[in-house]
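# Coordinates in review
Below are the chains, spelled out letter by letter.
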Amino acid sequence: AQSVTQLDSHVSVSEGTPVLLRCNYSSSYSPSLFWYVQHPNKGLQLLLKYTSAATLVKGINGFEAEFKKSETSFHLTKPSAHMSDAAEYFCVVGGWMDSSYKLIFGSGTRLLVRP
Amino acid sequence: EAQVTQNPRYLITVTGKKLTVTCSQNMNHEYMSWYRQDPGLGLRQIYYSMNVEVTDKGDVPEGYKVSRKEKRNFPLILESPSPNQTSLYFCASSQSPVGPLHFGNGTRLTVT
């Protein structure tokens with residue numbers, strides 16, 4: 001069985017400070033892991049994807065995530081927040097279950113960036 | 001421009017009145033999928049399609065139908081909408097189920 005937990009429903013940071021959005025997953029097999037971002041009134045956009053290559057994954061807009069198997073975590077980070085980063089972020093785990101590929105979405109973390 | 005187009009963006013309807021939300025993609029993707037987004041629940045898959053004429057249920061298919069007669073189109077049909085189907089709906093496509101999804105901008109449906 002697969003599941004994903006985003007540990008914070010809301011995160012607030014000041015512009016220019018680091019961002020940390022936390023995600024823990026559970027999977028019976030080697031999962032694929034994704035982070036998507038959703039800006040207001042828009043669809044989701046892929047930030048980055050992990051598929052068992054390098055454990056540190058670099059994405060768009062300066063975001064990166066580190067896959068830690070021992071901690072079953074895939075936290076999203078950015079060294080310096082920008083106002084345009086304010087959005088909702090979804091951690092997603094993907095894998096084959098019962099001969100179909102399933103994506104399980106976390107409940108989302110809303111990032112607020114203060115000026 | 002590569003995109004997934006959903007229509008309409010907003011829809012208000014009454015209980016029991018059949019409606020269709022259209023979805024079209026111009027990327028020649030094999031895989032298409034419908035999700036609903038509700039506060040605190042993330043996105044849940046309604047139906048998906050691996051290719052033309054091949055569709056299957058997702059996690060919350062009750063009350064919905066889909067069809068895939070052409071590769072580019074994947075409409076979502078609510079035969080008899082009910083208030084618990086009030087939600088934000090997203091269509092998505094990708095070259096395969098494991099590929100990154102490309103999402104439409106969403107359809108906000110209200111059923112009164």
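Fair warning: this is a prediction, and the values are worked out from it, not measured in the lab. (Residues numbered from 1 in each chain as written. Chains lettered and ligands numbered in written order. Predicted model: local features only at pLDDT ≥ 70, side-chain atom pairs only at ≥ 80, totals over all residues. Heavy atoms only, no water.)

## Let's talk about the overall build of chain B
From N to C terminus, chain B includes 0 helices and 11 strands. For chain B, the N- to C-terminal ordering of α and β elements is β-β-β-β-β-β-β-β-β-β-β. Against the compact-globule benchmark of 13 Å for 112 residues, chain B has a radius of gyration of 13 Å, which places it among compact chains. Pairs at least 24 residues apart make up 54% of the contacts formed inside chain B by residues separated by at least 6 positions. Averaging the coordinates of the 12 positive side-chain charges in chain B and doing the same for the 9 negative ones gives two points 6 Å apart. (Helix = DSSP H or I, 4+ residues; strand = E, 2+ residues; numbered from the N terminus. Rg over C-alpha atoms; globule rule 2.2 N^0.38 Å. Contact = heavy atoms within 4.5 Å. Lys, Arg positive; Asp, Glu negative; His and termini not counted. Charge placed at Lys NZ, Arg CZ, Asp CG, Glu CD.)

## Observations concerning the interface of chain B and chain A
At the junction of the two partners, chain B supplies 23 residues and chain A supplies 19 residues. Of the roughly 1,600 Å² buried between chain B and chain A on both sides combined, carbon and sulfur atoms contribute 55%. For the chain B face of the interface with chain A, the top three residues by lost area are L43, V98 and F103 of chain B, together amounting to 28%. Inspection of the chain B/chain A interface yields 1 salt bridge. When the shortest N-O distance is used, the salt bridge between D59 of chain B and K102 of chain A registers 3.8 Å. Connecting chain B to chain A are 5 residue pairs in polar contact (both at pLDDT 80 or more). Mapped by element, the contributors of at least two residues to the side of chain B that touches chain A are β4 (31-38), β5 (42-51) and β9 (87-94) of chain B. Ranked by residue count, the leading element in the side of chain B that touches chain A is β5 of chain B, at 4 residues. (Buried area = accessible area lost by both parts, 1.4 Å probe. Salt bridge = Lys/Arg side-chain N within 4 Å of Asp/Glu carboxyl O. Polar contact = N/O pair within 3.5 Å; in protein donor to acceptor, adjacent residues only side chain to side chain.)

## Points about the packing of aromatic side chains
Throughout the structure, instances matching the rule amount to 13 aromatic pairs over all chains. Between the aromatic rings of Y35 of chain B and F103 of chain B, the centroid separation amounts to 6.0 Å while the plane-to-plane angle is 40°, which identifies the pairing as tilted. With a gap of 68 residues between them, Y35 of chain B in strand β4 and F103 of chain B in strand β10 (residues 102-103) connect regions that are remote in the sequence. An identical accessibility class is assigned to Y35 of chain B and F103 of chain B; each is buried. Pairwise contacts between aromatic rings join F34, Y36 and F105 of chain A together with Y35, F90 and F103 of chain B into one cluster. (Phe/Tyr/Trp six-rings, centres within 6.5 Å; stacked < 30°, edge-to-face > 60°. Buried < 20%, exposed > 50% of the residue type's maximum accessible area, 1.4 Å probe, protein only.)

## Observations regarding the nonpolar core
Among the nonpolar cores identified, the biggest contains 26 residues, and W35, F74, L76 and Y89 of chain A are the most heavily contacted of them. The element contributing the most residues to this core is strand β10 (residues 87-97) of chain A, with 4 residues. In terms of nonpolar packing, the next biggest core, distinct from the first, is built from 19 residues, V21, Y64, C91 and L109 of chain B among them. (Core = buried A, V, L, I, M, F, W, Y, C linked by side-chain atoms within 4.5 Å.)

## Description of the side chain of Q6 of chain A
Residue and element names in this part refer to chain A. Along the polypeptide, Q6 turns up in strand β1 (residues 3-6). From its side chain, Q6 meets the backbone nitrogen of G108 in a polar contact 3.0 Å long. Only 3.2 Å separates the side chain of Q6 from the side chain of T109, close enough to count as a polar contact. Apart from residues no more than four positions distant in its own chain, Q6 is found in contact with R22, W35, Y89, F90, C91, G106, S107, G108 and T109.

## A word on the state of the cysteines
Going through the model one piece at a time under the given rule, you end up with 2 disulfides over all chains. Disulfide pairing is shown between C23 of chain A and C91 of chain A; the S-S distance is 2.0 Å. Between C23 of chain A and C91 of chain A, the disulfide has an S-S torsion of -65° and is therefore left-handed. With C23 of chain A in strand β4 (residues 23-26) and C91 of chain A in strand β10, this residue pair connects regions lying 68 residues apart in the sequence. With relative accessibility at 0%, the residue C91 of chain A sits in the buried group. Covalent S-S linkage joins C23 of chain B and C91 of chain B, the inter-sulfur distance amounting to 1.9 Å. Here C23 of chain B and C91 of chain B share a disulfide; its torsion about the S-S bond, -70°, makes the bridge left-handed. A residue pair is termed long-range when its members are at least 10 positions apart, and C23 of chain B in strand β3 (residues 19-25) and C91 of chain B in strand β9 qualify at 68 residues. (Disulfide = S-S within 2.5 Å.)

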